[in-house]
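# Coordinates in review
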Amino acid sequence: MRILLTNDDGIDSPGLHALCRAMRELGEVQVIAPREEQSGTGHAITYRRSIAVSRAQVCNGVPAWAVHGTPADCVKFGVLEALDHPPDLVVSGINMGFNVGINVFYSGTVAAALEGAIQGITSVAVSGDYSPDHDLSAPAERACDIVEGHELLDHSPARVYNINLPAGAEHRADVLFTRSAGRVYDERYRRQESDGDDPRFQLELAGDRGHAPEPVTDVQAVRRGEISVTPLAPSCCDMEHLRMLEQGDSRGGKQ
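In short, a report on the structure. As the structure is a prediction and not an experimental result, all values here were calculated from the model.

## Structural notes on the environment of proline 63
In this fold, proline 63 is placed in strand 4 (residues 62-67). When the C-alpha atoms of proline 63 and valine 29 are compared, they prove to be 8.0 Å apart, with 34 residues separating the residues in sequence. The residues contacting proline 63, other than those within four sequence positions of it, are Val29, Gln30, Val31, Arg55 and Ala56.

## As for the side chain of threonine 109
With respect to the helices and strands, the residue threonine 109 is situated in helix 3 (residues 108-118). Under the relative-accessibility criterion, threonine 109 is labelled buried at 0%. Not counting residues up to four positions away in its chain, the partners in contact with threonine 109 are Asp8, Ser92, Gly93, Asn95, Asn99, Ala125, Val126 and Ser127.

## Here's the deal with the state of the cysteines
Following the criterion strictly, the structure yields zero disulfides and no others. Free cysteine: cysteine 20, not disulfide-bonded; nearest cysteine sulfur from cysteine 59 at 3.0 Å. Unpaired in this structure, cysteine 236 has its nearest cysteine sulfur neighbour in cysteine 237, at a distance of 9.1 Å. Its relative accessible area of 72% is what places cysteine 236 among the exposed residues.

## Notes on the pattern of salt bridges
For the coordinates displayed, the defined rule picks out five salt bridges. A salt bridge links lysine 76 to glutamate 115; the nearest nitrogen and oxygen atoms lie 3.1 Å apart. Note that lysine 76 is positioned in helix 2 (residues 71-82) and glutamate 115 in helix 3, a separation of 39 residues in sequence. Note that arginine 188 and glutamate 204 form a salt bridge whose closest N and O atoms lie 2.8 Å from each other. Within this pair, whereas arginine 188 is found in strand 9 (residues 185-192), its partner glutamate 204 is found in strand 10 (residues 200-208), the two being separated by 16 residues in sequence. It is possible to trace a salt-bridge network through shared partners that takes in Arg188, Arg190 and Glu204.

The rules behind these values
Residues numbered from 1 in each chain as written. Predicted model: local features only at pLDDT ≥ 70, side-chain atom pairs only at ≥ 80, totals over all residues. Heavy atoms only, no water. Helix = DSSP H or I, 4+ residues; strand = E, 2+ residues; numbered from the N terminus. Contact = heavy atoms within 4.5 Å. Buried < 20%, exposed > 50% of the residue type's maximum accessible area, 1.4 Å probe, protein only. Disulfide = S-S within 2.5 Å. Salt bridge = Lys/Arg side-chain N within 4 Å of Asp/Glu carboxyl O.

Quick look at the structure:
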């Protein structure tokens with residue numbers, strides 16, 4: 001199996017290196033990751049200017065490219081240009097911090113996996129409540145076990161699986177297949193000191209929104225110390241509402 005590995009924390013991130021070591025047990029790994037951290041870039045791509053790329057080596061000699069671009073750029077460049085053959089699996093992570101609820105829209109980690117699915121390749125995003133000084137071998141190994149043990153590659157068309165792991169409980173935590181929750185935090189802008197004429201504002205979290213006890217959401221799973229696996233789709237179409245609108249039209253509803 002050919003595996004394209006990327007992330008949004010940059011090519012030097014310990015999370016990427018831990019996944020690289022673990023994923024080598026599943027197949028041939030090649031790394032194409034951002035040169036610098038790209039957290040919070042979402043699904044941005046670079047198209048009004050060129051991107052610079054350089055050869056690198058990670059994880060005891062695994063071939064790699066460092067891309068001066070976004071996580072989505074990395075997957076596009078890998079599939080369309082750098083790799084001799086399309087990968088069988090795209091893996092993005094390990095991200096330092098959960099990517100649950102509405103945060104999947106902001107996450108470069110998740111965006112890289114979604115880009116894989118856009119390119120027709122089943123993809124996995126891996127995140128957890130980790131810091132760079134954690135030993136990330138356990139979450140990396142558990143992510144591999146989930147991909148293998150739950151046969152995530154055996155579905156067509158290409159799918160995206162957003163995996164979130166609780167720190168310190170990876171090998172004993174249960175796996176729950178979940179749906180995405182809504183907003184996780186309240187937010188606000190705080191005015192900052194400015195050294196010019198224009199005011200400056202800093203976005204910050206203003207507290208936990210709280211959630212109803214719905215154990216099938218990704219937020220509730222990780223708060224209970226369980227592993228959340230959420231299937232995502234690269235389409236934003238609200239299919240349930242579309243079907244309702246179509247049914248309304250078929251019954252002579254408003255046009």
